[in-house]
Structures are given as C-alpha cells and as structure tokens.
Amino acid sequence: MSHFKDPPKKQLGQHFLTDRNVIDQIVRAVNPQPGDTLVEIGPGQGAITFPLLKKHGALTVIEFDRDLITPLMEVSEGHGDLTIVHKDVLKVDFGKLAGEERIRLVGNLPYNISTPILFHVLEHAESVRDMHFMLQKEVVDRMAADPGSKVFGRLSVMLQATCEVTPLFDIGPLAFRPPPKVDSAVVRLVPKPAGSIGIDDPALFESLVRNAFGQRRKTLRNAVQQLCTGDEILAAGLRPEARAEQLEVAQFIALANYLASRPA
Ligand code: SAM
C-alpha cells in the first residue's frame, strides 16, 4: 500500500511526476557522479528522489509539506542516505548546505513560486555547481530568450548574466498527476564563475534591469530615469531611445558598471 495518502495540494503547486520515461530523462540529464552533493527542491512523493537515491546513494531534499515528511522517511528506509530538510526553500541557506563542495540542485519546482525560487538560488550561486529544474515551458522560454524576442525580459537578463542557460526537453501535462494546465520544460543552469560575470555592483544591476523592464513600452531613457540621465546612457555606449527588450545582456552590464563608477 502506498505510504502517501494525502491528495495533492494545489496551494503547494503539487503536480507529481508519474511518467517513468520523463523521470529517467531527468536522472540521465543530472548524471550524478561519485562525490557529488545532490540537493532536491520539493521531493513530493519521491518521483525523482528515489531513482536519484538508488543511483547515487545519498541525497538531501527540501520539502515544505509536513504530510510528506514521514512517508518520505519510511519509503527511503534501507535505500540509501536521504536527509530531509523540512523547510520553505525560500528560507534555505544553500551556502550552509554546500560545505566544501558546491551543490548540484534538482527539482520539479512548485510553479506558483518558481521565479522567487530562481532568484533566491541565484543569491547563493557561488555555492551551486549546476541546476536541473522542471518549470513551466513559458518560464524556460523567457529564461533562454534572445534580445528582440517578445519574451525577452528581466528573467532572461538576470539568468543569462549569471548562468549558462540550456533548455533540455519539453514535457506535456499528462506526465503528471494531477496534470497542470500548462506545458513544462527541463532546463540546465550552470552559474558562471564569479570572476567572469563582470558585474561591479549586483544590487545596482538588479535595480537597473528591474526598472528597464518595468514599463516595456517606454524608451530606456524614460524607464530608468530614476537611476540615470540620457547623457549617462549615451556615455555608457547605449542609445537612450532604445527599448529594454532590444538590448544585449552585455549592454545592461556595461550601463550598470558605468553607473557604479560614477563619483559618489
Ligand atoms: N518532485 C516531485 C515530483 O516530481 O513528483 C514533486 C514536485 S511538485 C511540482 C513541487 C513540490 O514542491 C511539492 O512536493 C511541494 O510540496 C513542494 N513545495 C512547494 N512549495 C515549497 C516550498 N516553499 N519549499 C519547499 N518545497 C515546496
């Protein structure tokens, strides 16, 4: 009899993977190697957890739903070294989980909070070696979008500035119970080495990107007028009349660094 008795909880974004082929595809994409520190966000009923545990022998999972903790412990007994962290992932300090080795993160993320999770993880990027996340396909499209695309936006710039973003494969709703209303996709994110990112003031960069995409229809000059003047945009080598969605990620970095270098 199944150890997991509670029905899926909508408010926790619970759509449990049931398609064995998709689960195998995810495990193959992660391709755990001896010595890796694997951490899964939102194990749910263990669809990815147990295959990873079988292959790798040890895994830490972060789950918020208290009703899943005991069943996860029961099912994992005798199958390897499963550490369960019963916590909201948005409150987890990934630096503490990492220790000497950077962690490898995996997760079929709760779609309702996937963007806050991504930004939270990025704050700890130096502790993370790579990530394999299942997300709404629309979110993966935005993460990987090129300038000029309709979906190029804040998420694209923030992710691409700090990570290599590789969409891996798409998954239809029927791979889950209950099926979500949207298509899903798995993406690989590899944080760039801190020294190669070249952002002098991350908070200023974040604020510039947020403002630039705050009002998409505006020119750059008008969208970021609280942060700088048109002359400063020109001096940084950008066109004040451009729109944010036309700019390369490197141009956002150039403008932020120019502004960071202004005398106080
Ligand atoms: N990995 C499982 C699978 O693929 O079948 C479950 C994925 S389900 C889409 C998302 C999981 O994240 C659920 O188990 C849910 O309880 C958990 N979750 C939701 N919000 C969370 C949070 N703030 N912190 C940690 N886990 C959370």
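Residues numbered from 1 in each chain as written. Predicted model: local features only at pLDDT ≥ 70, side-chain atom pairs only at ≥ 80, totals over all residues.

Caption draft 1: Geometry of the domain arrangement of the protein chain. Taken domain by domain, the protein chain holds domain 1 (10-195) and domain 2 (202-260). Computed from C-alpha coordinates alone, the two centres of domain 1 and domain 2 are separated by 31 Å. At the junction of the two partners, domain 1 supplies nine residues and domain 2 supplies 10 residues. Per-class residue counts for the side of domain 1 that touches domain 2 are five nonpolar, three polar and one charged. (Domains from an automatic or database assignment. Contact = placed C-beta atoms within 7 Å. Nonpolar A, V, L, I, M, F, W, Y, C, P; charged D, E, K, R; others polar.)

Caption draft 2: Local environment of helix α2 (residues 49-56). Thr-49, Leu-52 and Leu-53 are the residues of α2 that are buried. Here the buried residues of α2 occupy an arc of 100° about the axis, which is enough to place them on one side. Buried-residue contacts for α2 involve α1 (20-30), β2 (37-41), β3 (58-63), α3 (66-76), β4 (81-86) and β5 (103-108). (Buried ≥ 20, exposed ≤ 12 C-beta atoms within 10 Å, placed from the backbone. Helix = DSSP H or I, 4+ residues; strand = E, 2+ residues; numbered from the N terminus. Arc of directions from axis to C-beta.)

Caption draft 3: Summary view of the UniProt feature "binding site: S-adenosyl-L-methionine" (unreviewed entry) in the protein chain. Those places that UniProt annotates as "binding site: S-adenosyl-L-methionine" (unreviewed entry) correspond, in this numbering, to His-15, Leu-17, Gly-42, Glu-63, Asp-88 and Asn-108. The residue Gly-42 is located in the loop between β2 and α2 in this model. We classify Gly-42 as buried; it has 24 C-beta atoms within 10 Å. Note that Asn-108 resides in strand β5. Look at Asn-108 and you get buried, because 29 C-beta atoms sit within 10 Å. Once residues lying within four places of it in the same chain are set aside, the contact partners of Asn-108 are Leu-17, Gly-42, Ile-48 and Met-134. (UniProt positions renumbered as here; feature names shortened; annotations may be inferred.)

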